[in-house]
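The chain contents come next:
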Amino acid sequence: MCGIVGLVSKNKYGFNRNHQSIFENLLYCDAVRGMDSTGVFAINRESNVDYAKEASTPLQFLDSEEGKNLIKGMFSKYNVIIGHNRKATQGTISDENAHPFQEGNYILVHNGTLHNFKNLTDEKDVTVDSHAIVHSFEKNGVKETLKKISGAYALVWYNIEEKRLYLSRNTQRPLWILD
């Protein structure tokens, strides 16, 4: 069990102070979906991505230097910010296993549990299903990877090369978008 939250600014100048409060509250509330780690990725006006993650609660993450810097960037450079709270179902609880995961041109967060994640990558050190997904995206492409997945998923990822944000889910996981 994990949780994903996010905001996309329709304003070309990014977010305001209200948005910071909304995002922080979303991240705090989302902790009911997982308290093992917290991470955030943010996309700026030039379509570049920054991220931070750690094995901590949202409160600890937002009090860390990396967390504070990402949130502070909401006012000066970011137009998209995606947060993730992890409940470890596979792999140890560590900074490395926190979301988001980045491989090549993809950065991804995932809610769900896969049954066949070891079939998605040849990398022996990948112990988290979400990490296996992004490995497979980079090696095999998104469409092929999604065809191979067995299990529940809601995904949010950014393709750095295409400069596009994507969302996908199967019938086993909800994913809500509000305007």
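Quantities reported herein were computed from a predicted structural model and do not represent experimental measurements.

## Let's talk about the environment of Asn 11
Turning to its location among the elements, Asn 11 is positioned in the loop between strand 1 (2-8) and helix 1 (17-29). The partly exposed category is assigned to Asn 11, whose relative accessible area is 41%.

## Some remarks on the sheet that holds strand 4 (residues 78-86)
Strand order in the open sheet formed by 4 strands is 1-4-2-3, with antiparallel pairing between adjacent strands. Edge positions in the open sheet fall to strand 1 and strand 3 (49-54), since each of these has one partner strand only. Neighbour to neighbour, the strand axes of the sheet diverge by 10° on average, direction disregarded. Bridge analysis of strand 2 (residues 37-44) against strand 4 gives 8 bridges, and the strand direction is antiparallel. By the bridge assignment for strand 4, Ser 37 is matched with Arg 86. Packed onto the sheet, helix 1 meets strand 1, strand 2 and strand 4 and runs at close to 170° relative to strand 1.

## Description of helix 4 (residues 129-140)
Between its first and last C-alpha, helix 4 extends 16 Å over 12 residues, near the 16 Å set by a 1.5 Å rise per residue. For helix 4, a buried count of 9 out of 12 residues is recorded, marking the element as mostly surrounded by other parts of the structure. For helix 4, the full list of buried residues reads Asp 129, Ser 130, His 131, Ala 132, Ile 133, Val 134, His 135, Ser 136 and Phe 137. In this fold, the buried residues of helix 4 make contact with strand 5 (101-103), strand 6 (106-111), helix 5 (142-148) and strand 7 (154-159). Trailing helix 4 by a residue or two, Gly 141 shows a phi angle of about 90°, which is positive.

## A closer look at the sheet that holds strand 6
Read across the sheet, 4 strands follow the order 5-6-7-8 without closing on themselves; strand pairing throughout is antiparallel. Each end of this open sheet is capped by a strand with a single partner; those strands are strand 5 and strand 8 (164-169). Between one strand axis and the next, the sheet turns through 20° on average, direction left out of account. Bridge count between strand 5 and strand 6: 3 bridges; the pairing is antiparallel.

## Re the packing of aromatic side chains
Scanning all chains against the criterion turns up 3 aromatic pairs. Ring geometry for Tyr 106 against Phe 137: centres 5.5 Å apart, planes inclined by 65°, an arrangement best described as edge-to-face. Here Tyr 106 is found in strand 6, whereas its partner Phe 137 is found in helix 4, with 31 residues between them in sequence. Residues Tyr 106 and Phe 137 agree in their burial class; the two are buried. With a centroid separation of 5.3 Å and 15° between ring planes, the pair formed by Trp 157 and Tyr 166 is classed as stacked. Judged by relative accessible area, Tyr 166 falls into the partly exposed class, the value being 24%. Aromatic ring contacts, followed pair by pair, group Tyr 106, Phe 137, Trp 157 and Tyr 166 into a single cluster.

Rules of the game
Residues numbered from 1 in each chain as written. Predicted model: local features only at pLDDT ≥ 70, side-chain atom pairs only at ≥ 80, totals over all residues. Heavy atoms only, no water. Helix = DSSP H or I, 4+ residues; strand = E, 2+ residues; numbered from the N terminus. Buried < 20%, exposed > 50% of the residue type's maximum accessible area, 1.4 Å probe, protein only. Pairing = 2+ DSSP bridges. Axes fitted to C-alpha atoms, helices over the stretch in contact; angles between N-to-C directions. Contact = heavy atoms within 4.5 Å. Expected span 1.5 Å × (residues − 1). Phe/Tyr/Trp six-rings, centres within 6.5 Å; stacked < 30°, edge-to-face > 60°.

Honestly, that's just the spatial picture; any functional story needs more than this.
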